[in-house]
Amino acid sequence: MTTFLGAIADDLTGATDLAGLLARSGIPVSLRMGVPEHPPAETAALEIIALKCRNAPVDEAVEDTLAALHWLRQAGAQRFFWKYCSTFDSTPRGNIGPVAEALMRALGTSQTIYCPAFPENGRAIFMGNLFVGEQPLSESSMKDHPLTPMRDSNLMRILRPQVTLAVGLANRLVVAEGPQALRKRLAQLHADGVSHVVIDAVANNDLHTIGLACHDMTLLTGGSAVAMPLPQIWLDQGLLSRDESRGRLRAEEGTAVVLSGSCSAMTTRQVSAYLESGQPGFRLDPLGLAQNGPNEALDWLSKQAPEAVPIVYATAAPGAVRAAQEILGVERASMLVEQALAACAVKARDLGARRYIVAGGETSGAVAQALGVTKLDIGMEIAPGVPWCFARTGGHDVAIALKSGNFGNETFFSHALEILGT
Ligand code: ADP
């Protein structure tokens, strides 16, 4: 099928989150891990390329994104979406702004929008300020993120140092007036030379208004939720059609494993709840990994009973994370944890695991890469923004849930296993 929407995500769980929301439309969604080596073949109407460029040097992120854009254009894509985190994870250097500007240049478009709102997951934007639940972003647990601590809540202020062109706002009062008013505001901002427009959204209805106003823009940027209404709008316009021929998505019989490298507040609660439910757990300590490598964890995995669903986790409180980072450096601490969890994933597969639950964006990228996964077909949603995905690894059909840090509720791990069936 010719691709209509080509999306590029800055990390893997961001891509699966977007994939899950787009798949609600019933239109086939396929997700590629990195830019495919081969030219497009057997593409879906909605194609997503997951990069690992959220924390990469700016030049590298731009280069990777332009390579992804090239592949998506070859696949026939006519609309493009740049997906980043609903908490706008970035630093003063980028990479949200520089990548958006590079895409705009390549596509020859002079305006795009920024809308990381995700009301179902408690992310709202009001007067350009991002809220996590009822807290401003800078007061939420994101202020302590290991790689991209967010210490400002104002999206225009965060974006300005990242871009060369002017930044503006279409606020909630305009969105509340409907699609026509929003289109007028965008045109007015365009006439004023504003290329980067942050748009307020506090509820799903606002996202629908934004979709109706912006569906024909060549490039949109945002969290996953602002893309959610788009497939239906394009269906209604006859630009897309439903394809019932999608193959059955399945995983082989086998054991399951949970791997957690996220230190987000929600993942911390999920790991605690899971351990309290009586499942066996192994805690990875970056300092221990620096000394002895991951062998202890790998041995522990091989001793688990087949009916158990063990969890290996590095999830720790902000104080413990900082202490490890002070001794090892931020990058080395992260790398040690990611490599250990990736090694656990491969070991688990060799031991018969065919269902994986992985917590953490960077962590998911490392795990999927170690498993040699290149394509994920998107199945049922476990929680808003987290679908079960189906892939091949080492000659096996497996199911993988890749959860970005703050997503899901406390019982996410056991709930995910329940809905897949054991
Ligand atoms: P999230 O989706 O919550 O942002 P990520 O996996 O993207 O999760 O990022 C968490 C980062 O923190 C990863 O690079 C991980 O390796 C690192 N990390 C996890 N546990 C620890 C720890 N105990 N000490 C230091 N760094 C850690």
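Quick summary incoming for the structure in this document. (Residues numbered from 1 in each chain as written. Predicted model: local features only at pLDDT ≥ 70, side-chain atom pairs only at ≥ 80, totals over all residues. Heavy atoms only, no water.)

1. As for the packing of aromatic side chains
Counted under the stated rule, the structure contains eight aromatic pairs. A centroid spacing of 5.2 Å and a plane angle of 90° characterise the contact between Tyr 84 and Phe 88, whose relative ring orientation is edge-to-face. The pair formed by Tyr 84 and Phe 88 is uniform in burial state, with each residue classed as buried. (Phe/Tyr/Trp six-rings, centres within 6.5 Å; stacked < 30°, edge-to-face > 60°. Buried < 20%, exposed > 50% of the residue type's maximum accessible area, 1.4 Å probe, protein only.)

2. Some details on unusual backbone geometry
Each neighbour pair has its own omega, and for Gly 94 with Asn 95 the value is 10°, a cis peptide bond. Examined against the element boundaries, Asn 95 turns out to sit in the loop between strand 4 (79–83) and helix 3 (96–107). Located in the positive-phi region is Glu 42, a residue other than glycine, with phi close to 50°. Looking at the element boundaries, Glu 42 is found in the loop between strand 2 (29–33) and strand 3 (46–50). Glu 42 sits in the exposed class, given a relative accessible area of 74%. We note that Met 127 has phi near 50°; this positive angle belongs to a residue other than glycine. (Helix = DSSP H or I, 4+ residues; strand = E, 2+ residues; numbered from the N terminus.)

3. Brief notes about the sheet that holds strand 6 (residues 123–126)
One open sheet accounts for three strands, arranged 6-7-8; its pairing is antiparallel. Each end of this open sheet is capped by a strand with a single partner; those strands are strand 6 and strand 8 (135–136). (Pairing = 2+ DSSP bridges.)

4. Side note on the site of the ligand
Taken together, 20 residues surround the ligand, and among them His 145, Ser 262, Glu 338, Glu 362 and Thr 363 come closest. Measuring from an oxygen atom of the ligand, one finds a side-chain N or O atom of Ser 262 at 2.7 Å. One of the backbone N or O atoms of Gly 361 is found 2.9 Å from an oxygen atom in the ligand. Residue assignment for the shell around the ligand shows that the elements contributing at least two residues are helix 13 (330–350) and helix 14 (361–370). Ranked by the residues each element gives to the shell around the ligand, the list is headed by helix 13, at four residues. (Near = heavy atom within 4 Å. Polar contact = N/O pair within 3.5 Å; in protein donor to acceptor, adjacent residues only side chain to side chain.)

5. Concerning helix 15 (residues 412–420)
Where helix 15 is concerned, the buried positions are Phe 412, Phe 413, Ala 416 and Leu 417. Along helix 15, the residues classed as buried sweep out an arc of 135° about the axis, all on the same side. Gly 421 occupies a position one or two residues after helix 15 and carries a positive phi of about 85°. (Arc of directions from axis to C-beta.)

6. Concerning the pairing of strand 3
Here strand 3 lies mainly inside the structure; five of its five residues are buried. Covered by surrounding structure in strand 3 are Leu 46, Ile 48 and Ala 50 together with Glu 47 and Ile 49, the residues of both alternating faces. Bridge count for strand 1 (residues 5–9) against strand 3 is five bridges, and the pairing is parallel. Residue pairing in the sheet places Gly 6 in a bridge with Glu 47 of strand 3. Of the pairings in the sheet, the one linking strand 2 to strand 3 comprises five bridges and is parallel in character. Within strand 3, the position partnered with Met 33 by the bridge is Ala 50.

7. Comments concerning the side chain of Ser 153
Structurally, Ser 153 can be placed in the loop between strand 8 and helix 4 (155–159). For Ser 153, a relative accessible area of 6% corresponds to the buried category. Within polar-contact distance, the side chain of Ser 153 engages the backbone nitrogen of Ser 138 at 2.9 Å. Setting aside chain neighbours within four positions, we find Ser 153 in contact with Gly 128, Asn 129, Leu 130, Pro 136, Leu 137 and Ser 138. (Contact = heavy atoms within 4.5 Å.)

Spatial relationships are all this shows, so hold off on functional conclusions.
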